[in-house]
Amino acid sequence: MANVVVVGAQWGDEGKGKIVDWLSERADVIARFQGGHNAGHTLVIDGEVFKLHALPSGVVRGGKLSVIGNGVVLDPWHLVDEIETIRAQGVEIGPDTLMIAENTPLILPIHGELDRAREEAANPGAKIGTTGRGIGPAYEDKVGRRVVRVADLADATTLEARVDRALAHHDALRRGLGLDPVDRAALIARLREVAPKILPYAAPVWKVLNEKRRAGKRILFEGAQGALLDIDFGTYPFVTSSNVIAGQAATGVGLGPGAIDYVLGLVKAYTTRVGEGPFPTELHDADGQRLGEQGHEFGTTTGRKRRCGWFDAVLVRQTCVTSGVKGIALTKIDVLDGFETLKICVGYDLDGTRLDYLPTATDAQARCTPIYEEMPGWSQSTARARSWADLPGEAIKYVRRIEELIQCPVALLSTSPERDDTILVTDPFAD
């Protein structure tokens, strides 16, 4: 049985929550492998809306094991609040349904404070567009070997030593930013208070997942954000602080690359982005406004308005390569209903030279202008379509042209936020 990785193949917000939920019905384990609670997934199940940030999308499905892997940075207080919110909606969550890797790094209040202070202090052109939730500083502390991990909550001596190591670094930074020193006693007290609410979920995730895999259980690996925000292969420095591409799925839970059988790339039928950074196909006209309104393009976590533009086949072809995507799930095609003409970016013009990829240098990225191919739109509605026969011919041609340009087939087609409004072409788990 195949194990499937789901990754965003654009700048995030591609509809991973719905697709992961849809696939989770076929999976036994749903494992989150990177990111933090800056990402948001919205699920609509039988008309009820669930908004998830730290929790894997599988928690709303009974009989599944949901896993938060070591590749995630976890705000324990946010997680406790999120669990209570989901429980209030009738979802049962306990150690038998949710597991957190013992070596998962924690996001502390000092990380959010540092995140916001640095963003506020940055010159306008140097702002990253961070959500200010401490994800970046937490990953920095992980690499700097001064982070507090879930396992550290179980031993008072170890916890205090970890906090002291972190504060030796953070207090120096805070002085430079004009912030007061950290109240060590208060921070340790907060960690001791939250510890009994987190530790019941702690487990050696790598060991449990290996046992599940050997028993023939299907694992669905869930990522956050999108490949264009990857720390190595995204539009640096306007990226997130972790690896988002599919290769991280193995490292982020403690399994080898042989555990990955199929990579499904999530792709919107147009393009959006939140925050700063290059966006070659961004629209500042009525079409861009219309995409945002029809697509309800506001962030689940931050509420920030998303920038909107035409589909960029160059970028998606590139991310399909860096993540080893075998098939894509094309979402939100219904948002394009009613457009008389659609455009697809098929290349870039950089100072008179045509490129078939996005260059690495930031200044070159900013100078790239899109080369468009136009296609006729459609007037009929594609919303809630559940078979190819329900789609207008022009919509099918649009999908087929995208497949040709990105050199990757469509495995799933989503036509509304409802999980059942999905056209299945290839079942990733049957690979």
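Residues numbered from 1 in each chain as written. Predicted model: local features only at pLDDT ≥ 70, side-chain atom pairs only at ≥ 80, totals over all residues. Heavy atoms only, no water.

### Observations regarding the sheet that holds strand 6 (residues 98-101)
No. 1: Taken together, the ten strands give an open sheet; going across it, the order is 7-6-5-2-8-1-9-13-17-18, and neighbouring strands pair in mixed fashion. The open sheet has two edge strands with one neighbour each: strand 7 (202-203) and strand 18 (422-424).
No. 2: As paired strands, strand 2 (residues 29-32) and strand 8 (residues 219-222) are joined by four bridges and run parallel to one another. Paired with Arg-32 across the strands is Glu-222, a residue of strand 8.
No. 3: Those strands touched by helix 7 (residues 205-214) are strand 2, strand 5 (65-68), strand 6, strand 7 and strand 8, and its axis lies near 140° from that of strand 5.
No. 4: On the sheet, helix 12 (residues 393-406) packs against strand 13 (327-331) and strand 17 (410-414) and is oriented at approximately 140° with respect to strand 13. (Pairing = 2+ DSSP bridges. Helix = DSSP H or I, 4+ residues; strand = E, 2+ residues; numbered from the N terminus. Contact = heavy atoms within 4.5 Å. Axes fitted to C-alpha atoms, helices over the stretch in contact; angles between N-to-C directions.)

### Quick look at the nonpolar core
No. 1: Counting residues in each nonpolar core, the largest one holds 57 residues, and the members touching the most others are Leu-209, Phe-221, Phe-311, Ile-328, Ile-344 and Tyr-398.
No. 2: Considering every element that reaches this core, the biggest residue donor is helix 12, with six residues.
No. 3: In this structure, Val-148, Val-150, Ala-195 and Ile-198 belong to the second largest nonpolar core, which totals 37 residues. (Core = buried A, V, L, I, M, F, W, Y, C linked by side-chain atoms within 4.5 Å. Buried < 20%, exposed > 50% of the residue type's maximum accessible area, 1.4 Å probe, protein only.)

### Regarding the packing of aromatic side chains
No. 1: On inspection of all chains with the given rule, the structure shows three aromatic pairs.
No. 2: With a centroid separation of 5.8 Å and 75° between ring planes, the pair formed by Trp-310 and Phe-339 is classed as edge-to-face. Of this pair, Trp-310 sits in the loop between strand 11 (307-309) and strand 12 (311-312) while Phe-339 sits in the loop between strand 13 and strand 14 (341-350), placing them 29 residues apart in sequence. Across the pair, exposure class does not vary: Trp-310 and Phe-339 are buried alike.
No. 3: The ring centre of Trp-77 lies 4.4 Å from the NZ or CZ of Arg-190, which sits over that ring.
No. 4: Sitting over the ring of Phe-339, Arg-290 keeps its end group 4.1 Å from the ring centre. (Phe/Tyr/Trp six-rings, centres within 6.5 Å; stacked < 30°, edge-to-face > 60°. Lys NZ or Arg CZ within 6 Å of the ring centre and 35° of its normal.)

### Description of the environment of Ala-156
No. 1: Examined against the element boundaries, Ala-156 turns out to sit in helix 5 (residues 156-176).
No. 2: For Ala-156, a relative accessible area of 43% gives the class partly exposed.
No. 3: A sequence separation of 35 residues divides Ala-156 from Leu-191, and the C-alpha atoms of the two residues are 9.9 Å apart.

### A closer look at the pattern of salt bridges
No. 1: Per the counting criterion, the structure on display carries 24 salt bridges.
No. 2: Each member of the salt-bridge network shares a partner with another, and the members are Asp-13, Lys-268, Glu-297, Arg-306 and Lys-332. (Salt bridge = Lys/Arg side-chain N within 4 Å of Asp/Glu carboxyl O.)

### Things to note about the packing of helix 2 (residues 76-88) against helix 6 (residues 184-198)
No. 1: Put simply, helix 2 and helix 6 touch, their axes get as near as 10 Å, and they point 45° apart. The angle between helix 2 and helix 6 falls in the class oblique. Judged by the sense of rotation from one axis to the other, the crossing of helix 2 with helix 6 is left-handed. For the pair helix 2 and helix 6, the contacting residues are Pro-76, Trp-77, Leu-79 and Val-80 in the first and Arg-190, Leu-191, Val-194, Lys-197 and Ile-198 in the second.
No. 2: Of the residues belonging to the contact of helix 2 with helix 6, the class tally is seven nonpolar, no polar and two charged. (Parallel < 35°, antiparallel > 145°, perpendicular 65-115°, else oblique. Left-handed = near helix turned anticlockwise from the far one by under 90°. Nonpolar A, V, L, I, M, F, W, Y, C, P; charged D, E, K, R; others polar.)

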